Amino acid sequence: MPDFSPVFRRAFCAASLATLPLIAIPAGSASAHGDDAPKVVTSIKPIHSIASAIMKDIGEPALLVDGASSPHAYSLRPSEARALSEADLVVYVSHSLEGFLQKPLQTLSKSSHQLELVAVEGMALRKMRDGGAWEAHQHGDHDEDHAGHDDDHHDHDEHDDHAHGDHDDHNEHAHDDHAHDDHDKDHHHDDAKEADDHDHDHAADTHDSDEDHHHEHGGIDPHIWMDPANGASIAIAITDELVEIDPEHADAYRDNLKTLLASLTSLGNDLRQKVAPIQGKPYVVFHDAYQYLEAGFGLTAVGSITVSPDQKPGAKRLHEIEDKIRDTGAVCIFAEPQFRPAVVQAVVSDTGIRTGTLDPLGADLKAGPDTYQQILAQNVDALVDCLGQGS
């Protein structure tokens, strides 16, 4: 059974071994300095959760895409645009996943730090899979899918000096103090969902087929957070940025990082035990958002209904998926809450396959420092519940 990648093990060891005494932060200083905490804006809920865990008791990052909205078709609200313009740090996955951020990010002050996570050294990246009826073996060797990153993943053994000692000057951005006026964080579940549904319907009407479409993420699968090893790398990268921006709370950020990495280790052990009975059982997903989860836990997805979630699959794709289900004996097909399930239901009607729901964004979960772990656990539980029936 696969274990966490060497990236995660090195990251955890680096954080755990940094046991030299740190300067204690006086009790109550976190709340006293709350107004002075960096203004951090995150794009999606799993990334917000990791940032929240690192900033715990210091500050609260803002979240842009909440609820059942999808980053594939999202429009910024005025209050969110203001939050971006005032941000000390913006954390997002990739220019292609959160395409709505591309233009706003170009207008930010040079003093605002921008952290694009797919560009972080050491992030284990995987290529998008072509077509929809792919096989598990198309994952390929892990090292072949790093899209140009160093084979050694920017060895996190060096992080002992990097994140737990004097911070190297690794970011060209110079930090100026920003005004810390409170910005209003509007909750936009209903409005954003309505807009998302409209955009999704429009895309479905104008794109009848996505055969051989190579996704909109530049050839790299952007769903990097679905592997907890990458979650550890994300946490380290965010910590590095915060230490540079806010050295006054550096020790607290580092302590929070160690706590989070320990939590991910414990969670990983639990989830590996849960998936053991379903390894090797084939299944189909709505769109190809889970290969990092598959690789991390040895799961056996055999295809996706659509390559790009904002494009309606054509008749050829649906026939290919139905043939794949019959040929492989796929046990389950999984929908997603961000997208209407009509296409999934059509496949179910033709094949009689069982259904479940997977959600890489945690649409129904409350945003917070533990949400990332809940997202991973929720998806594993959904797989076990459906694939484990009758076993």
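On a predicted model such as this, the values are computed, not experimentally measured, just so you know.

**Observations concerning the overall build of the protein**
Then step 1. Counting secondary structure elements, the protein contains 13 helices and 10 strands.
Then step 2. Relative to its full complement of 391 residues, the protein shows a buried share of 56%.
Then step 3. Nonlocal contacts in the protein, meaning residues at least 24 apart in sequence, comprise 75% of its contacts between residues at least 6 apart.
Then step 4. Split by element, the accessible area of the protein, about 16,300 Å² in all, is 48% carbon and sulfur.

**A few points about the environment of valine 41**
Then step 1. Within the secondary structure, valine 41 sits in strand β1 (residues 40–44).
Then step 2. Separated by 22 residues in sequence, valine 41 and leucine 63 place their C-alpha atoms 6.1 Å apart.
Then step 3. Apart from residues no more than four positions distant in its own chain, valine 41 is found in contact with Ala62, Leu64, Ala83, Leu84, Ala87, Leu89, Val90 and Val91.

**As for the packing of helix α9 (residues 250–275) against helix α13 (residues 371–387)**
Then step 1. Where α9 contacts α13, the two axes come as close as 11 Å, and the packing angle between them is 0°. It follows that α9 is roughly parallel to α13 by the angle criterion. Between α9 and α13, the contacting residues are Leu260, Ser263, Leu264, Leu267, Leu271, Lys274 and Val275 on the first element and Tyr372, Gln373, Leu376, Ala377, Val380, Asp381 and Val384 on the second.
Then step 2. Of the residues contributing to the contact of α9 with α13, the split by class is 10 nonpolar, two polar and two charged.

**Here we look at the nonpolar core**
Then step 1. With 80 residues, the main nonpolar core has Ile224, Trp225, Ile234, Tyr283 and Leu383 as its most contacted residues.
Then step 2. Examining the composition of this core, we find that 10 residues originate from one element, α9, more than from any other.
Then step 3. Apart from residues lying up to four places away in sequence, isoleucine 224 is in contact with Val93, Leu117, Val118, Met123, Leu125, Asn230, Ile234 and Tyr292.
Then step 4. In this structure, Ile305, Ile321, Ala335 and Val343 belong to the second largest nonpolar core, which totals 16 residues.

**Some words on the confidence of the model for the protein**
Then step 1. Here the protein shows a mean pLDDT of 76. Residues at 70 or above account for 68%.
Then step 2. Contacts for the low-pLDDT stretch residues 1–33, under 50 throughout, to residues beyond four places or in other chains number 63 contacts.
Then step 3. Here residues 136–217 is modelled with pLDDT under 50, and outside its nearest four sequence neighbours on either side it reaches 182 contacts, counting other chains as well.

**Some remarks on unusual backbone geometry**
Then step 1. Even without being glycine, aspartate 57 reaches a positive phi, approximately 70°.
Then step 2. Checked against the element boundaries, aspartate 57 lands in the loop between α3 (45–54) and β2 (62–65).
Then step 3. We classify aspartate 57 as exposed; its relative accessible area is 59%.

**A look at the packing of aromatic side chains**
Then step 1. Summed over all chains, the structure comprises two aromatic pairs.
Then step 2. With a centroid separation of 5.0 Å and an interplanar angle of 65°, the aromatic rings of tyrosine 74 and phenylalanine 100 are classed as edge-to-face. Residue tyrosine 74 is located in the loop between β2 and α4 (78–85), and its partner phenylalanine 100 is located in the loop between β3 (89–92) and α5 (102–106); the two are separated by 26 residues in the primary sequence.
Then step 3. Since its relative accessible area comes to 9%, tyrosine 74 is described here as buried.
Then step 4. Overall, the relative accessible area of 13% leaves phenylalanine 100 in the buried class.
Then step 5. Both rings, one in tyrosine 283 and one in phenylalanine 334, keep their centres 5.6 Å apart while their planes meet at 90°; by these two values the pair is edge-to-face. Of this pair, tyrosine 283 sits in strand β7 (residues 282–287) while phenylalanine 334 sits in strand β9 (residues 332–335), and the two are 51 residues apart along the sequence.
Then step 6. According to the relative accessible area criterion, tyrosine 283 is buried, its value standing at 1%.

**Regarding the state of the cysteines**
Then step 1. Following the criterion strictly, the structure yields one disulfide and no others.
Then step 2. Paired by a disulfide, cysteine 332 and cysteine 386 hold their sulfur atoms 2.1 Å apart. Looking down the S-S bond of the cysteine 332 and cysteine 386 bridge, the torsion is -105°, so its handedness is left-handed. With cysteine 332 in strand β9 and cysteine 386 in helix α13, this pair connects stretches of sequence that are 54 residues apart.
Then step 3. The exposure class of cysteine 332 is buried, given its relative accessible area of 0%.

**What to know about the pattern of salt bridges**
Where charged atoms from two side chains of opposite charge come close, those side chains can pair.
Then step 1. The final tally for this structure, using the stated rule, is nine salt bridges.
Then step 2. Note that aspartate 255 is salt-bridged to lysine 258, the shortest N-O span being 3.9 Å. Here aspartate 255 pairs with lysine 258, and both are found in helix α9, just three residues apart, close to one helical turn.
Then step 3. Aspartate 255 gets classed as partly exposed once you look at its relative accessible area, which sits at 35%.
Then step 4. Residue classification places lysine 258 among the partly exposed positions, given a relative accessible area of 24%.

Analysis parameters
- Residues numbered from 1 in each chain as written.
- Predicted model: local features only at pLDDT ≥ 70, side-chain atom pairs only at ≥ 80, totals over all residues.
- Heavy atoms only, no water.
- Helix = DSSP H or I, 4+ residues; strand = E, 2+ residues; numbered from the N terminus.
- Buried < 20%, exposed > 50% of the residue type's maximum accessible area, 1.4 Å probe, protein only.
- Contact = heavy atoms within 4.5 Å.
- Areas by Shrake-Rupley, 256 points an atom, 1.4 Å probe, with all protein chains shown as cover.
- Axes fitted to C-alpha atoms, helices over the stretch in contact; angles between N-to-C directions.
- Parallel < 35°, antiparallel > 145°, perpendicular 65-115°, else oblique.
- Nonpolar A, V, L, I, M, F, W, Y, C, P; charged D, E, K, R; others polar.
- Core = buried A, V, L, I, M, F, W, Y, C linked by side-chain atoms within 4.5 Å.
- pLDDT = per-residue confidence, 0-100.
- Phe/Tyr/Trp six-rings, centres within 6.5 Å; stacked < 30°, edge-to-face > 60°.
- Disulfide = S-S within 2.5 Å.
- Salt bridge = Lys/Arg side-chain N within 4 Å of Asp/Glu carboxyl O.

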